[in-house]
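Observations on the model geometry
Below are the chains, spelled out letter by letter.
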Amino acid sequence: MKKLHKLFNEYLSEIDSRYTPQKQAIAEEIFNRKNMFEVEEFIAEIRNGNQKFSRATVYRTIKQLLDANLLQKISTRDGKVYYEKNMPQQQQHHHLICNTCGKIFEIKEKKIEEYLEEFCKKQSFHPAYRSLHIYGECKSCFSKKQSDA
């Protein structure tokens, strides 16, 4: 956790921005999350926890966390936007996203990682970060469509 704060502070220094107590508190809430979140739900949750931040401060901090590669943005087909923290040692992040119910599944498959690394190597391409999103239908929604047909 301290490493994430240190990286964020370094990024903010690079862009001549300060790591204010408000940004620290917002970042801490995000770094402590185990799951992805929507911004408006996040704002409601932190306000319920008696923390008062302006909407603009939360959005600005989230944008800076994205720019610092400490946060990832995931969009669903129906326009919902989720955010999920990135770990510095984790240079790839892959998901399956259901177009019907919006459920998001994280892909943690070593063979996919190995294939993508090999493909990049063959192309003499040096990726800084990878994010793969595959859109379709989850088993439950697909089955329901099949039975409705």
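Before any of the text, the structure's been laid out above.
Description of the structure in this document. (Residues numbered from 1 in each chain as written. Predicted model: local features only at pLDDT ≥ 70, side-chain atom pairs only at ≥ 80, totals over all residues. Heavy atoms only, no water.)

Here the focus is unusual backbone geometry. Although it is not a glycine, Asp16 sits at a positive phi angle of roughly 55°. Assignment of secondary structure puts Asp16 in the loop between helix H1 (2-14) and helix H2 (21-31). (Helix = DSSP H or I, 4+ residues; strand = E, 2+ residues; numbered from the N terminus.)

A separate point is a nonpolar patch on the surface. A cluster of nonpolar side chains, Leu96, Phe105 and Ile134, forms an exposed patch at the surface whose accessible area comes to about 230 Å². Judged by relative accessible area, which is 38%, Ile134 ranks as partly exposed. (Patch = residues over 30% accessible without salt bridge, like charges linked within 9 Å, V, L, I, M, F, W, Y side chains within 5 Å. Areas by Shrake-Rupley, 256 points an atom, 1.4 Å probe, with all protein chains shown as cover. Salt bridge = Lys/Arg side-chain N within 4 Å of Asp/Glu carboxyl O. Buried < 20%, exposed > 50% of the residue type's maximum accessible area, 1.4 Å probe, protein only.)

Before going further, it helps to examine the nonpolar core. The biggest cluster of nonpolar side chains holds 22 residues, and the ones touching the most others in it are Phe8, Ile30, Phe31, Val58 and Ile62. Broken down by secondary-structure element, the contributors of at least two residues to this core are H1, H2, helix H3 (39-48) and helix H4 (55-67). Sequence-distant contacts of Phe31, that is, excluding residues within four places in its chain, are made with Met1, Leu4, His5, Tyr19, Leu65, Leu70 and Lys85. (Core = buried A, V, L, I, M, F, W, Y, C linked by side-chain atoms within 4.5 Å. Contact = heavy atoms within 4.5 Å.)

It is the contact of H1 with H2, at a shortest axis distance of 11 Å, that shows an interaxial angle of 135°. Taken as axis vectors, H1 and H2 run oblique relative to one another. The handedness of the crossing between H1 and H2 comes out as right-handed. When H1 is examined against H2, the residues Leu4, His5, Phe8 and Leu12 are found in contact with a partner set consisting of Lys23, Gln24, Ala27, Glu28 and Phe31. Partitioned by chemical class, the residues of the contact of H1 with H2 number 5 nonpolar, 2 polar and 2 charged. (Axes fitted to C-alpha atoms, helices over the stretch in contact; angles between N-to-C directions. Parallel < 35°, antiparallel > 145°, perpendicular 65-115°, else oblique. Left-handed = near helix turned anticlockwise from the far one by under 90°. Nonpolar A, V, L, I, M, F, W, Y, C, P; charged D, E, K, R; others polar.)

Side chains three or four residues apart in an α-helix point the same way, a direct result of the helix having 3.6 residues per turn. An ideal rise of 1.5 Å per residue puts 18 Å on 13 residues; H4 measures up with 18 Å between its terminal C-alpha atoms. Looking at H4, one finds that the buried residues are Thr57, Val58, Thr61, Ile62, Gln64 and Leu65. Looking straight down H4, one finds its buried side chains confined to an arc of 165°; they lie on one side. Residues of H4 that are buried in the fold lie against H1, H2, H3, strand E1 (71-75) and strand E2 (81-85). After H4 finishes, the residue Asn69 shows a positive phi value of roughly 60°. (Expected span 1.5 Å × (residues − 1). Arc of directions from axis to C-beta.)

This part takes up the packing of aromatic side chains. Following the criterion strictly, the structure yields 4 aromatic pairs and no others. Their ring planes at 35° and their centres at 5.0 Å tell us that Phe37 and Phe42 sit as a pair that is tilted. No difference in accessibility class separates Phe37 from Phe42, as the two residues are buried. A ring pair is formed by Phe37 and Tyr83, whose centres lie 6.0 Å apart and whose planes are at 35°; its orientation type is tilted. A residue pair is termed long-range when its members are at least 10 positions apart, and Phe37 in the loop between H2 and H3 and Tyr83 in strand E2 qualify at 46 residues. Note on Tyr83: relative accessible area 9%, which makes it buried. (Phe/Tyr/Trp six-rings, centres within 6.5 Å; stacked < 30°, edge-to-face > 60°.)

Note on placement: Lys139 falls in helix H6 (residues 139-148). For Lys139, a relative accessible area of 74% translates into the label exposed. When the C-alpha atoms of Lys139 and Cys98 are compared, they prove to be 9.1 Å apart, with 41 residues separating the residues in sequence.

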